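The chain contents come next:
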Amino acid sequence: MENKVLRKLFLGFIHIHILHHAKEEPVYGSWMVEELHEHGYDISAGTLYPILHGMEKDGLLSREDVNVEGKIRKYYRTTDKGDTVLREARAKAYELFKEIK
């Protein structure tokens, strides 16, 4: 039970991480998996890709397919809606962290 609760909480943090990095520069899945691992998230590509696709479907990310050495790599950037959600998430996270620290 505890593991499921933590997973749900961390999923929200992962969304914020994705939006943060996709706002700075285009990101792609395998890079994002490595970035999240550096922050202590144990996430596989099989978990991340559906998150990216869902965020694209929700209008938070836009995708550009680029041919890299004969393979198509999907790069994601935030949309205007994604930027707005990121700003709101940062403000809420900041308030939460002030409260619990």
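All of the points below concern the structure found in this document. Just so we're clear, the structure is a prediction, and the values are computed from it rather than from any experiment.

**Digging into the side chain of threonine 78**
Now for step 1: Tracing the chain through its elements places threonine 78 in strand E2 (residues 71–78).
Now for step 2: Residue threonine 78 is classed as buried on the basis of its relative accessible area of 14%.
Now for step 3: Of the polar contacts made by the side chain of threonine 78, one reaches the side chain of aspartate 83; its length is 2.5 Å.
Now for step 4: Once you skip the residues sitting within four places of it in the chain, threonine 78 turns out to touch Leu19, Ala22, Lys23, Leu60, Leu61 and Asp83.

**Here we look at the packing of aromatic side chains**
Now for step 1: Under the defined criterion, the tally for this structure stands at three aromatic pairs.
Now for step 2: With 6.1 Å between their ring centres and 35° between their planes, phenylalanine 10 and phenylalanine 13 make a pair best called tilted. Separated by three residues within a single helix, phenylalanine 10 and phenylalanine 13 lie in helix H1 (residues 2–24), roughly one turn from each other.
Now for step 3: For phenylalanine 10, a relative accessible area of 36% gives the class partly exposed.
Now for step 4: On the basis of an interplanar angle of 75° and a centroid distance of 5.4 Å, the ring pair of tyrosine 28 and tyrosine 75 is categorised as edge-to-face. Separated by 47 residues along the polypeptide, tyrosine 28 in the loop between H1 and helix H2 (29–38) and tyrosine 75 in strand E2 bring together distant segments of the chain.
Now for step 5: Among the aromatic residues, ring-to-ring pairing joins Phe10, Phe13 and Tyr41 into one connected group.
Now for step 6: In this structure, arginine 73 packs its charged tip against the face of tyrosine 28, placed 3.9 Å from the ring centre.

**Details of unusual backbone geometry**
Now for step 1: In this structure, glutamate 69 takes a positive phi of about 55° despite not being glycine.
Now for step 2: Position of glutamate 69 among the secondary structure elements: in the loop between strand E1 (61–68) and E2.
Now for step 3: Given a relative accessible area of 80%, glutamate 69 falls into the exposed group.

**Remarks on the pattern of salt bridges**
Now for step 1: Scanning the entire structure with this criterion turns up four salt bridges.
Now for step 2: Residues lysine 23 and aspartate 83 are paired through a salt bridge, measuring 3.7 Å at the closest nitrogen-oxygen approach. Residue lysine 23 is found in helix H1, and its partner aspartate 83 is found in helix H4 (residues 80–100); the two are separated by 60 residues along the sequence.
Now for step 3: A salt bridge links aspartate 65 to arginine 63; the shortest N-O distance between them is 2.9 Å.
Now for step 4: Connected via shared salt-bridge partners are Glu56, Arg63 and Asp65.

Conventions we followed
- Residues numbered from 1 in each chain as written.
- Predicted model: local features only at pLDDT ≥ 70, side-chain atom pairs only at ≥ 80, totals over all residues.
- Heavy atoms only, no water.
- Helix = DSSP H or I, 4+ residues; strand = E, 2+ residues; numbered from the N terminus.
- Buried < 20%, exposed > 50% of the residue type's maximum accessible area, 1.4 Å probe, protein only.
- Polar contact = N/O pair within 3.5 Å; in protein donor to acceptor, adjacent residues only side chain to side chain.
- Contact = heavy atoms within 4.5 Å.
- Phe/Tyr/Trp six-rings, centres within 6.5 Å; stacked < 30°, edge-to-face > 60°.
- Lys NZ or Arg CZ within 6 Å of the ring centre and 35° of its normal.
- Salt bridge = Lys/Arg side-chain N within 4 Å of Asp/Glu carboxyl O.

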